[in-house]
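If you want the building blocks of each chain, they are given just below.
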Amino acid sequence: MRLTRKATAMVLASMMAVSLTACGSSDSSATATTAAPAATEAPKATEAAKETEAAKDAATEAAKEAEAAAPGGGNIGVCIYKFDDAFMTTYRNALQEILEGKGYTVTVMDGKNDQAEQNNQINNFIAQGVDALIINPVMTSAADQIIATVKDADIPTVLINREPTAEQMSAYDKLVYVGCDARQSGTMQGELILDTENKGDINGDGKVSYIMIQGDPENVDAQYRTEFSVKALTDAGMEVEELDLQRGDWDRNKGQEIAQNDLAKFGDEIEVIFCNNDDMAIGALQAIQAAGRTVNEDIYLVGVDALDAALNEVVNGNMTGTVLNDANGQAAGAVEAMEALLGGKTYGAGEQSIYVDYVKVTPENAADFQ
Ligand code: BGC
């Protein structure tokens, strides 16, 4: 038998009564009043003590019931947009490990990059009566529908990795987004290029000629990284020339194909390859090497995430740099926010995005992240 939300609230309330009692042992009658308001009518210490005992018994009973129903305190449903994503694999493993380490029962579902499939998974989790949901939406444009669904079911929910607008989130106060501010990662990518000896202008013609390999343009991460990486250059007074911009959908093979075609088409004109993530950058690196080009000599290459493979390439000089997208920090933040929601915290409009910082990764500090 599962514990209903109401029963969980009762457990929490009675446990709170007990812990308040424990904190105020210097003044038992006052403490008992806090724990059980009925005691104000019978202020005698003996009456209050009885109330406290009753609260303790109720708490013990309810806690036993809770333990039997949901070991570790709760069933958590996790929806990932697709398992076949390098960064989200690191992220979901971290999430699962933290949740299980805390004694939660966790079920993680693969949305297979299909919003309809993920909607079914969310509905199934709700039907099963999970205590909380952690959702990495397949499509940011589906956020309204997802939020309406979890609100209707009154399930505390943490959204991760694909950020909806503040306005969309304001529809439900038991919902938060935990992620990063993608503008920061774009700016850092631009700075990595500005930090090179020629600020990206390898051939000295007065402009930085680049190709942009974009993630799924539906995600704000892809939009902002594309915009802010270039903005960092222009803000620093550099002239830029975009030779190509194509969507690589966060995918290594697509990154390789786009870079291969562009290297064949534009040749030495390409001075910088910006990739919205590392997996596409690793693909682009294969194309760069196949074309006989050399990173940090006749071309620059930057990504985002700090995947292990990318960190190795940064250390070896085959990538100019990357940006740490802190999967562990975000997973820990998501669990913390989920626990706050389970504890009854609600979030007002404008305070529903919780950000973890990105970190610039260069050959100098890459080993720190390996
Ligand atoms: C990561 C990508 C990942 C995407 C998934 C981004 O924040 O940088 O590697 O594919 O999230 O939504």
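Just so you know, these numbers come straight off a predicted model, no measurement behind them.

Draft legend 1. Inspection of helix 9 (residues 220-235) at higher detail. With 16 residues, helix 9 extends 21 Å between its outermost C-alpha atoms, agreeing within 8% with the 22 Å of an ideal straight helix rising 1.5 Å per residue. By the burial criterion, the buried members of helix 9 are Val220, Asp221, Ala222, Arg225, Thr226, Phe228, Ser229, Val230, Ala232 and Leu233. Where helix 9 is buried, its residues contact helix 8 (182-194), strand 6 (207-214), strand 7 (239-247) and strand 8 (272-275). Two residues or fewer after helix 9 comes Gly237, characterised by a positive phi angle close to 90 degrees.

Draft legend 2. Just the environment of Ile354, in detail. Relative to the elements of secondary structure, Ile354 occurs in strand 11 (residues 353-355). With a relative accessible area of 31%, Ile354 lands in the partly exposed category. As for Ile354 and Asp181, which are separated by 173 residues in sequence, their C-alpha atoms are 9.1 Å apart. Residue contacts for Ile354: discarding those within four places in its chain leaves Val176, Tyr177, Val178, Gly179, Ala337 and Tyr347.

Draft legend 3. Structural detail: the packing of aromatic side chains. Applying the stated criterion across every chain, the model contains three aromatic pairs. Judged by centre distance (6.0 Å) and plane angle (85 degrees), the rings of Phe87 and Tyr91 are edge-to-face. Pair noted here: Phe87 and Tyr91 are both in helix 4 (residues 86-101), with a separation of four residues, about one helical turn. You can call Phe87 buried: its relative accessible area is 7%. The class for Tyr91 is buried, based on a relative accessible area of 0%. Between Tyr224 and Phe228 the ring centres are 5.6 Å apart and the planes differ by 85 degrees, which places this aromatic pair in the edge-to-face class. Here Tyr224 pairs with Phe228, and both are found in helix 9, just four residues apart, close to one helical turn. Accessibility expressed as a relative area gives 25% for Tyr224, which makes it partly exposed. The cationic tip of Arg162 hangs over the ring face of Tyr81; the distance from NZ or CZ to the ring centre is 3.7 Å.

Definitions and cut-offs
- Residues numbered from 1 in each chain as written.
- Predicted model: local features only at pLDDT ≥ 70, side-chain atom pairs only at ≥ 80, totals over all residues.
- Heavy atoms only, no water.
- Helix = DSSP H or I, 4+ residues; strand = E, 2+ residues; numbered from the N terminus.
- Expected span 1.5 Å × (residues − 1).
- Buried < 20%, exposed > 50% of the residue type's maximum accessible area, 1.4 Å probe, protein only.
- Contact = heavy atoms within 4.5 Å.
- Phe/Tyr/Trp six-rings, centres within 6.5 Å; stacked < 30°, edge-to-face > 60°.
- Lys NZ or Arg CZ within 6 Å of the ring centre and 35° of its normal.

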